[in-house]
Structures are given as C-alpha cells and as structure tokens.
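So you can see what is in the structure, the chains are spelled out below.
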Amino acid sequence: MGSVGKPKALLLGEIDHQKKTWEALSSIAELVAPKATNRAEFIAECKSGAFDGTVAAYRTFNSVAVTGMVDEELVSVLPASLKFIAHNGAGYDQVDVAACTARGIRVANVPALVDDATADANMFLILGALRGFNVSMQALRAGQWRGSPVPPLGHDPEGKVLGILGMGGIGRNLKKKADAFGMKVIYHNRRKLSEELAGGAEYVSFDELLSASDVVSLNLPLNKNTRHIISDAEFAKMKKGAVLVNTARGAVVDEAALVRALDEGRIWSAGLDVYEEEPKIHPGLVANPHVMLLPHMGTWTFETQSAMEEWTIGNVRAAIESGKMNCIVPEQEGVEF
Ligand SMILES: O=CC(=O)O
C-alpha cells in the first residue's frame, strides 16, 4: 500500500525492543525519522518541510542529544500538523509543556510502568549507601579485600526513618518496599494523600522531612519549582549522618552543595542514579568511594523498557486512530485543545 495521504508519525530516538510494534503503525501512518544528528540540522530539517504532515511524534530521553530540549524554539519549527508528542519516560522535564499547550500539542508520558524498576533501583541505592558497600566493592576488585584501612561499619535499614519527597507512583512503590525492610516512612508532597494511597506513611512538612529522616529519598519531578530543592540550606537542616538518595532528576539537587555536604561529613553517604548534567558527573562524586553511583539505570530492565516502548507506541497509535492519547501530562489535564 502506498503511503500517499497517510498522516506521518515521527520517531525521535531509537526503539530497541518493540520495533515490530512500531513498524505495524505503517498501516495507518507513514513512519519518518530525522536524518539530522544535531539540533541545528534538526531545525533545518523541520524548516525544509521534511516532516510536514506529521501528526504524532514518539520521543526518547536520549533524543535530546539530537534535537535538544523541546522548548519554545523547537516547538515553533515543528510542523503545524503535529498535535501529539508521546514521550517514552516518566519524567518529561525535557519538554516545555506550556510551549506545547500554546501550540495545541498534547504531551503524554509513561506513568506507572516505571514504578517498580525505579523503586527497586532506589531501594538498592538506599541499602548500598546505608551499608557503605561501594568502598569495599571497589577494594575487592583492586585486590584489597574489604579495603585498607577497613571501612567503617554500615547501618541497618531496620528502624530507620525514610523520608520520601514526592509521593507519586515511584514514591508509593518505594514505601511498600521500604516496609519490608522495617523502615518507618514519612513523606512530603504538594498535596497530602488519602490514607489509602499513603499506605500508612505519615505526612510531614518539607522541613520536618529534612530534620527527621535518616534517609531522604527524592522522588519528585524536575520543574522550575523543584530545581535545586535540595541545596546547602536543606543539607544544613538534615540530620547529621543522614543519607540522600536520588533516582528522580539530577537537577533537583544542587550537586556542588551535595559534594560539600559529603566532604564536610554532614551527610554519611548518597545513592544517585541521576546527575545535573548527564552524562557528566561532578568530579567530587566520582572521587568519593563512599557514594553509590548508577548511570541513570532506574528503568533499565528488559521488562520495563519493553513495556515503556509498547505504551508509547500505543499513544502514537491512539493519537492517529482516535485523536487522543491514552494519557496526558497533569499540566494539560482539563485543557481544551
Ligand atoms: O528517567 C526515566 C524516566 O523518566 O522514565
């Protein structure tokens, strides 16, 4: 069947596990992808009309390396026909939702499917940071058994207070996992949750969360209100010897302030999956063997990645078939398009 007259679906980034599902969209859409390898080229390609007729775009987190942020400038050159952006990821801080709304573009992400894998990685970082495992993991591979001098004893999660900042899907999933380790969970969120959703976690103010937690876990989205929500003043309010864990977005923490807090011994350790300027990492973190560092692998499992791709392709299909995606980001709920 020829593709003349079909709407286009634009692929920004790679599909690794659901190629057939993507290709199956060719019965309803002409599948297109940029030739561009950087933002200037992508903008030129958009302006050339190569993507005209595109109704929906699928984008990955890594596609930012080619297109740059989906900001006002980028949105202004996207084809006028484009009405849907399906982002493959829970966090959509690379997309300026207000700019999309102004242009009549709906944005969808991947809620829920990421929760288990991300909360698992989060729990791994909590345990690793509390126990101080990284020092000895490095020493063992360097032929020094536990290390020399022998590292200090770690801490048990049992009985410790876990403060979850951001009680969305990942935060609530983490709460259930932390229960199994005997942690007492408190949380802070823009809104207090129903008792049922909170699942026994106690709602506290932001300051109380900082001062009462043995482990502060960051599970909130990055936006203009949450950028650097943890900086010097917040580290100063934390318990001496507390642990900070971040599987959300690097920029919710002021990384330089984190390095200061670690170096000054104000906090015992940190467990990080995300960084302010990925893939760059603050040298003070790399140099500190006490912190647990993962290279943004919260959802890095076959099952989760595959499900995320399927969900995102489903959003593109729904957009083309019914003019509506299967979810919409909270900022656009109730917006008339
Ligand atoms: O970082 C991962 C995601 O936002 O899904």
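These figures come from a predicted structure and were not determined experimentally.

The rules behind each value
Residues numbered from 1 in each chain as written. Predicted model: local features only at pLDDT ≥ 70, side-chain atom pairs only at ≥ 80, totals over all residues. Heavy atoms only, no water. Phe/Tyr/Trp six-rings, centres within 6.5 Å; stacked < 30°, edge-to-face > 60°. Helix = DSSP H or I, 4+ residues; strand = E, 2+ residues; numbered from the N terminus. Buried < 20%, exposed > 50% of the residue type's maximum accessible area, 1.4 Å probe, protein only. 1 Å grid on protein atoms, 1.4 Å probe; cavity = no way out; pocket = protein on both sides within 12 Å on 5 of 7 lines; lining within 4 Å. Points joined across faces, edges and corners; volume = space filled by probe spheres on them. Nonpolar A, V, L, I, M, F, W, Y, C, P; charged D, E, K, R; others polar. Near = heavy atom within 4 Å. Polar contact = N/O pair within 3.5 Å; in protein donor to acceptor, adjacent residues only side chain to side chain. Areas by Shrake-Rupley, 256 points an atom, 1.4 Å probe, with all protein chains shown as cover. Pairing = 2+ DSSP bridges. Axes fitted to C-alpha atoms, helices over the stretch in contact; angles between N-to-C directions. UniProt positions renumbered as here; feature names shortened; annotations may be inferred. Contact = heavy atoms within 4.5 Å.

Undergrad: Got a minute to help me understand the packing of aromatic side chains in this structure?
TA: For any pair of aromatic rings, geometry is given as the distance between the ring centres together with the angle between the planes. Under the definition given, this model contains three aromatic pairs. Centre to centre, the rings of Y187 and Y203 are 5.3 Å apart; their planes meet at 65°, and the pair counts as edge-to-face. With Y187 in strand β7 (residues 184–188) and Y203 in strand β8 (residues 202–203), this pair connects stretches of sequence that are 16 residues apart. Owing to a relative accessible area of 0%, Y187 belongs among the buried residues under this scheme.

Undergrad: I'm lost on empty space enclosed by the protein in this one. Help?
TA: Taking a probe equal in size to a water molecule and rolling it over the atoms shows the remaining empty space. Throughout the structure, instances matching the rule amount to two cavities of 30 Å³ or more. Here the largest cavity defines a volume of roughly 40 Å³. The wall of the largest cavity is formed by L12, A57, R59, V70, L74, L78 and I85. Grouping the amino acids of the lining of the largest cavity by side-chain chemistry returns six nonpolar, no polar and one charged. For the second largest cavity, the calculated volume is near 30 Å³. Taken together, N246, G250, V253, E255, L258, L272 and V274 make up the full set of residues lining the second largest cavity. The residue inventory of the lining of the second largest cavity, partitioned by class, reads four nonpolar, two polar and one charged.

Undergrad: Looking at this structure, how should I read the environment of G200?
TA: Locating G200 in the fold gives a position in the loop between α9 (195–198) and β8. For the pair formed by G200 and K176, sequence separation is 24 residues and the distance between their alpha carbons is 9.6 Å.

Undergrad: How should I be thinking about the site of the ligand in this particular structure?
TA: Close to the ligand lie G89, A90, G91, V114, R249, H296 and M308, which account for all nearby residues. Take R249: an N or O atom from its side chain is 2.8 Å from an oxygen atom of the ligand. In the complex, the protein chains occlude 85% of the 200 Å² of accessible area that the ligand would expose alone. For the shell around the ligand, the class distribution of residues is three nonpolar, three polar and one charged.

Undergrad: Could you clarify how one ought to interpret the sheet that holds strand β4 (residues 84–88) in this entry?
TA: The strands that make up a sheet pair up through hydrogen bonds in the backbone, lying either parallel or antiparallel. Taking strand neighbours across the sheet as the criterion, the five strands line up as β2-β1-β3-β4-β5 in an open arrangement whose pairing is parallel. Taken across any chain shown, the strands that pair with only one partner, and hence form the sheet edges, are β2 (30–32) and β5 (106–108). Here the strands of the sheet are splayed against their neighbours by 20° on average, with no regard to which way each runs. Two strands pair when backbone bridges link them, and β4 and β5 are joined in this way by three bridges, in the parallel orientation.

Undergrad: Help me understand the layout of surface pockets in this model?
TA: Considered as a void within the structure, the second largest pocket measures approximately 270 Å³ in volume. R131, G132, F133, S136, M137, R146, V150, P151, P152, L153 and G154 together form the lining of the second largest pocket. A total of three residues in the lining of the second largest pocket trace back to one element, the largest contributor, which is helix α7 (residues 133–141).

Undergrad: What exactly am I supposed to notice about the UniProt feature "domain: D-isomer specific 2-hydroxyacid dehydrogenase catalytic" (unreviewed entry) in the protein chain here?
TA: What UniProt calls "domain: D-isomer specific 2-hydroxyacid dehydrogenase catalytic" (unreviewed entry) maps, in this numbering, to residues 60–326. Taken end to end, residues 60–326 is 39% helix and 14% strand, and its two terminal C-alpha atoms sit 17 Å from one another.

Undergrad: Hey, could you run me through the sheet that holds strand β12 (residues 292–293) in this one?
TA: Pairing is parallel in the open sheet, where seven strands are placed in the order β8-β7-β6-β9-β10-β11-β12. The sheet is open, and its two borders are formed by β8 and β12, each paired with just one other strand. Taken together, the four bridges between strand β6 (residues 161–165) and strand β9 (residues 215–218) define a ladder with parallel strand orientation. Bridging across to β9, I164 finds its partner in S217. Lying on the sheet, helix α6 (residues 115–131) is in contact with β6, β9, β10 (242–246), β11 (267–272) and β12; it crosses β11 at an angle near 150°. Here helix α12 (residues 255–263) sits on the sheet in contact with β10 and β11, set at roughly 140° to β11.

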